[in-house]
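Residues per chain, in single letters:
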Amino acid sequence: MELRKEKMENVTIGQISAIVLFLGTFLGGIAILYGYIKKWLKLTIKEENEVQSEAIKSLLRASMVSTYYRYKKVKRIPYYEKESWYAEFESYTELGGNSFIKDIKIEIDSWEIGE
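Now for a look at the structure at hand. What you are looking at is a predicted structure, and each value in this text was computed from that prediction instead of being measured.

Here's the deal with the packing of helix 2 (residues 13-71) against helix 4 (residues 99-109)
Each pair of packed helices gets described by two things: the angle between the helix axes and the distance between those axes. One way to put it is that helix 2 packs onto helix 4 with a least axis distance of 11 Å and a crossing angle of 30°. With respect to the hand of their crossing, helix 2 and helix 4 are arranged in left-handed fashion. Side by side, helix 2 and helix 4 meet where Arg 61, Met 64, Val 65 and Tyr 68 of the first sit next to Phe 100, Ile 101, Ile 104, Glu 107 and Ile 108 of the second. When grouped by side-chain class, the residues that make up the contact of helix 2 with helix 4 number seven nonpolar, no polar and two charged.

Things to note about the packing of aromatic side chains
Under the criterion given, the structure shown has five aromatic pairs. When the centroid spacing of 5.7 Å and the interplanar angle of 15° are considered together, the rings of Tyr 68 and Trp 111 count as stacked. With Tyr 68 in helix 2 and Trp 111 in the loop between helix 4 and strand 2 (112-113), the pair connects residues that are 43 residues apart, well separated along the chain. Overall, the relative accessible area of 4% leaves Trp 111 in the buried class. An angle of 75° between the planes, with centres 6.1 Å apart, marks the rings of Trp 85 and Tyr 86 as edge-to-face. Of the residues examined, Trp 85 reaches a relative accessible area of 1% and is grouped as buried. A connected cluster of aromatic rings, assembled from ring pairs, spans Tyr 68, Tyr 69 and Trp 111. Above the face of the Phe 89 ring, Lys 105 is positioned so that its terminal group lies 5.6 Å from the ring centre.

Rules and cut-offs
Residues numbered from 1 in each chain as written. Predicted model: local features only at pLDDT ≥ 70, side-chain atom pairs only at ≥ 80, totals over all residues. Heavy atoms only, no water. Axes fitted to C-alpha atoms, helices over the stretch in contact; angles between N-to-C directions. Helix = DSSP H or I, 4+ residues; strand = E, 2+ residues; numbered from the N terminus. Left-handed = near helix turned anticlockwise from the far one by under 90°. Contact = heavy atoms within 4.5 Å. Nonpolar A, V, L, I, M, F, W, Y, C, P; charged D, E, K, R; others polar. Phe/Tyr/Trp six-rings, centres within 6.5 Å; stacked < 30°, edge-to-face > 60°. Buried < 20%, exposed > 50% of the residue type's maximum accessible area, 1.4 Å probe, protein only. Lys NZ or Arg CZ within 6 Å of the ring centre and 35° of its normal.

Below, the structure written as structure tokens:
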């Protein structure tokens with residue numbers, strides 16, 4: 001016990017203040033670094049989501065246009081194809097798709113349902 005007491009007697013308030021200051025600066029630096037990393041990750045994820053949304057929109061549009069041209073001449077579409085087309089249309093619209101597909105939808109709405 002006496003050995004520890006001697007070591008503690010040699011530590012000055014200035015040294016304790018320096019340690020506290022160092023720890024505060026170190027922790028503050030980590031907090032700032034964490035903020036930058038968090039902001040960078042949010043931007044990266046947002047950019048990736050935008051790219052993925054555009055890719056999904058392109059795939060949906062290609063599928064819907066393909067279905068449209070497959071049945072355009074006969075103006076008759078099977079029920080399951082029409083339901084699938086409408087599901088794609090809803091997703092495409094929610095992703096911010098353009099009015100080109102809305103014009104196709106108006107035409108498909110007028111078609112007969114059947115094989």
